[in-house]
Amino acid sequence: MFYREAGIFKTTYAADQALFRIPIDRLFVAAVIVAAFVVVPLVANEYWLGSIIMPALILSIAALGLNILTGYCGQVSLGTGAFMAAGAYMAYKIATNLTWMPIPLVIILGGLCAASIGLAFGLPSLRIKGFYLAVTTLAAQFFLLWLFQKVPWFVNNSASGVPTAPPRAVFGELVTGAEATPEARYLFVLAFTVILALIAGNLVRGRIGRTWMAIRDMDIAAELIGIRPLHTKLSAFAISSFYCGVSGALWSFCYINTVESSAFDIFRSFMILFMVIVGGLGSVLGSFLGAFFIFLLPIALNNVVTTFGLPIATETITHIEFMVFGGLIVFFLIVEPHGLARLWQIVKEKLRLWPFPY
């Protein structure tokens, strides 16, 4: 009798959990967004806003774009840095030639230009996949950066080849350029991050996301049930490249204040890939967790060395960072393939059941 009543209580409790889970999650997300817009600018100083939180948010957008392509659609890409560069250079070109255009629209158009380039390099995905597709996107990485460096048209024939991002304002407040305050740039980047994250969350839960996951799990079976592989893969490439292009434009306009190809080299592509692997493939939240973790890890290692006064050279610290990155990737691929997002989900489930073990 006791076990039967306990089973009924457990079933009822699980039903209540399922009933209130979605509203509670939405309230939590809303609270985080409100805190990011209101509390963080009041509490954080200029260093944290301009040098840590804002670049981590920008990289989160790029990781989210790569996660759409690799985590949800199953298409491996090593050309994230190139698509970020495409968004940055095209946004600079639009901003300097169409000076009347609002800066949010400039950033969006830069992302759309990167999306069109992503479509072109996504065409081979119908015939090749896996390692061969990764090599194709790697070719895009080298070709696009070479193009932006060798063609002066992209930088308006600048003598240095590294032009300065033009200052632009929103509602009378500068949000780009060196003169903009860290608070204004942070809020501008945060607005893009929140909007794009909400759009991505709705996309992956809808029909488009289901077609991506069907292609990822078994493309032949997906084609047999009526899903068009080329249309589905190209949509993933386009949306992923759009996110990366927006991220690249924000990186140049709001963070480094210059448009330079060295900021989007092959190391940047691998760094974004590490973020997706550590954060969790096929997870919107994992893109943010991985981006903040990978971006903050080198800063934490340097602070530990400085705080304890360890006699370690800077070059050695850099090598240690690579070793830690490699160890983390191996760890998550073997122990927890779904990354930090899965660990956070486990913690949430434990907290929902606490203090009752059942």
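As the structure is a computational prediction, the values presented were derived from the model and not from experiment.

Student: Please explain the layout of surface pockets as it appears in this structure.
Tutor: With a probe scaled to a water molecule rolled over the atoms, the places where space remains empty come into view. In this model, the second largest pocket occupies a volume close to 160 Å³. Lining of the second largest pocket is provided by Arg207, Ile208, Thr211, Trp212, Gly226, Ile227, Arg228, His231, Thr232 and Ser235. Counting only elements with at least two residues in the lining of the second largest pocket, the list comes to helix 7 (207-217) and helix 9 (229-256). Top contributing element to the lining of the second largest pocket by residue count: helix 7, with four residues. Residues of the lining of the second largest pocket, tallied by class, amount to three nonpolar, five polar and two charged.

Student: What exactly am I supposed to notice about the environment of Val155 here?
Tutor: Among the secondary structure elements, Val155 is positioned in the loop between helix 5 (131-150) and strand 1 (169-170). For Val155 and Lys93, which are 62 residues apart along the polypeptide, the C-alpha to C-alpha distance reads 7.0 Å. Residues in contact with Val155, not counting those within four places in the same chain, are Tyr89, Tyr92, Gly161 and Pro163.

Student: I tried to follow the environment of Ser51 on my own but got confused; where do I start?
Tutor: Positionally, Ser51 belongs in helix 2 (residues 46-72). In this structure Ser51 comes out as partly exposed when scored by relative accessible area, which is 29%. Separated by 204 residues in the primary sequence, Ser51 and Tyr255 place their C-alpha atoms 7.9 Å from one another. If we ignore the near neighbours within four places in the chain, the residues touching Ser51 are Glu46, Tyr255 and Phe295.

What counts, and where the lines are drawn
- Residues numbered from 1 in each chain as written.
- Predicted model: local features only at pLDDT ≥ 70, side-chain atom pairs only at ≥ 80, totals over all residues.
- Heavy atoms only, no water.
- 1 Å grid on protein atoms, 1.4 Å probe; cavity = no way out; pocket = protein on both sides within 12 Å on 5 of 7 lines; lining within 4 Å.
- Points joined across faces, edges and corners; volume = space filled by probe spheres on them.
- Helix = DSSP H or I, 4+ residues; strand = E, 2+ residues; numbered from the N terminus.
- Nonpolar A, V, L, I, M, F, W, Y, C, P; charged D, E, K, R; others polar.
- Contact = heavy atoms within 4.5 Å.
- Buried < 20%, exposed > 50% of the residue type's maximum accessible area, 1.4 Å probe, protein only.

The values are spatial; any link to function lies outside them.
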